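Spelled out from the first residue to the last, the chains are:
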Amino acid sequence: MRFSIDCPHCDTRAIARSSHKLSDTMREITFACPNVECGHTFVANLEAVRTLSPSGMPKNGLNLPLSQHVAERVMRQMQLQLSLA
Ligand SMILES: [Zn+2]
């Protein structure tokens, strides 16, 4: 499945035309609306914002925060292990 978003003006599903990397977590994507009566072209950002499961190959200096519910689960597991120790 290709990622897409709707045209903000006419709600037609826009088509990604190009993209380039801004950083390890951010990519800029240029979209074009296929509705000929609209014809809007625009730029959107795609950003990695949270970690659900930590990487087995962590990159130095890259720190994506744990998602809140994952952090709470990890804390409960640590508390359980401490109470069993
Ligand atoms: Zn449009």
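The rules behind these values
- Residues numbered from 1 in each chain as written.
- Predicted model: local features only at pLDDT ≥ 70, side-chain atom pairs only at ≥ 80, totals over all residues.
- Heavy atoms only, no water.
- Domains from an automatic or database assignment.
- Pairing = 2+ DSSP bridges.
- Helix = DSSP H or I, 4+ residues; strand = E, 2+ residues; numbered from the N terminus.
- Axes fitted to C-alpha atoms, helices over the stretch in contact; angles between N-to-C directions.
- Donors = N, O, S within 2.8 Å, 3.2 Å for Na, K, Ca; no water.
- Tetrahedral: all angles 85-135°; square planar, octahedral: opposite > 155°, others 65-115°.
- Buried < 20%, exposed > 50% of the residue type's maximum accessible area, 1.4 Å probe, protein only.
- Core = buried A, V, L, I, M, F, W, Y, C linked by side-chain atoms within 4.5 Å.
- Contact = heavy atoms within 4.5 Å.
- UniProt positions renumbered as here; feature names shortened; annotations may be inferred.
- Phe/Tyr/Trp six-rings, centres within 6.5 Å; stacked < 30°, edge-to-face > 60°.

Under an unreviewed UniProt entry, the name given to the protein chain is Transcriptional regulator, and the organism recorded is Pseudoduganella dura.

Enquirer: Pulling in residues and values, what's your account of the domain arrangement of the protein chain?
Expert: For the protein chain, the domain assignment lists domain 1 (1-48) and domain 2 (50-85). On a C-alpha basis, the centroid separation for the pair domain 1 and domain 2 is 32 Å.

Enquirer: Summarise the sheet that holds strand β1 (residues 15-21); cite the residues concerned and give the values.
Expert: Pairing within the open sheet is antiparallel, and its three strands lie in the order β1-β2-β3. Two strands close off the open sheet at either side, each with one partner strand: β1 and β3 (41-47). Strand after strand, the sheet turns through a mean of 25 degrees between neighbouring axes, direction not considered. Two elements, strand β2 (residues 26-32) and β3, share seven bridges in a ladder whose sense is antiparallel. Residue pairing across strands places threonine 30 opposite valine 43, the latter belonging to β3.

Enquirer: A description of the pairing of β2 should follow, citing residues and the corresponding values.
Expert: Here six bridges tie β1 to β2, and the two strands are oriented antiparallel to one another. Bridging across to β2, serine 18 finds its partner in threonine 30. Linking β1 back to β2 in an antiparallel pair, the connection comprises four residues.

Enquirer: Just give me the short version of the coordination of the zinc ion, but keep the residues and values in it.
Expert: Note on the zinc ion: its protein donors are Cys7 (SG), Cys10 (SG), Cys33 (SG) and Cys38 (SG). The metal-donor distances range over 2.3 to 2.4 Å. Taken together, the four donor atoms coordinating the zinc ion span angles of 98 to 117 degrees at the metal, a pattern that classifies the geometry as tetrahedral. Along the chain, the residues donating to the zinc ion fall in the pattern C-x2-C-x22-C-x4-C. Here cysteine 38 falls in the partly exposed class, since its relative accessible area comes to 28%.

Enquirer: Describe the nonpolar core, naming the residues involved and giving the relevant values.
Expert: In terms of nonpolar packing, the biggest core is built from five residues, these being Ala14, Ile29, Phe31, Phe42 and Ala44. Mapped onto this core, the elements with two or more residues apiece are β2 and β3. Residues within four places of alanine 44 in sequence aside, it is in contact with Ile5, Arg27, Glu28, Ile29 and Phe31.

Enquirer: Describe the UniProt feature "domain: Zinc finger Ogr/Delta-type" (unreviewed entry) in the protein chain, naming the residues involved and giving the relevant values.
Expert: UniProt feature "domain: Zinc finger Ogr/Delta-type" (unreviewed entry): in the numbering of this structure it lies at residues 7-52. Taken end to end, residues 7-52 has its terminal C-alpha atoms 29 Å apart, with 0% of it in helix and 46% in strand.

Enquirer: Outline the packing of aromatic side chains, supporting the account with residue identities and numerical values.
Expert: Evaluation of the coordinates by the stated rule reveals one aromatic pair. Judged by centre distance (5.6 Å) and plane angle (20 degrees), the rings of phenylalanine 31 and phenylalanine 42 are stacked. Of this pair, phenylalanine 31 sits in strand β2 while phenylalanine 42 sits in strand β3, and the two are eleven residues apart along the sequence. For the residue pair phenylalanine 31 and phenylalanine 42, the accessibility class agrees, reading buried in each case.

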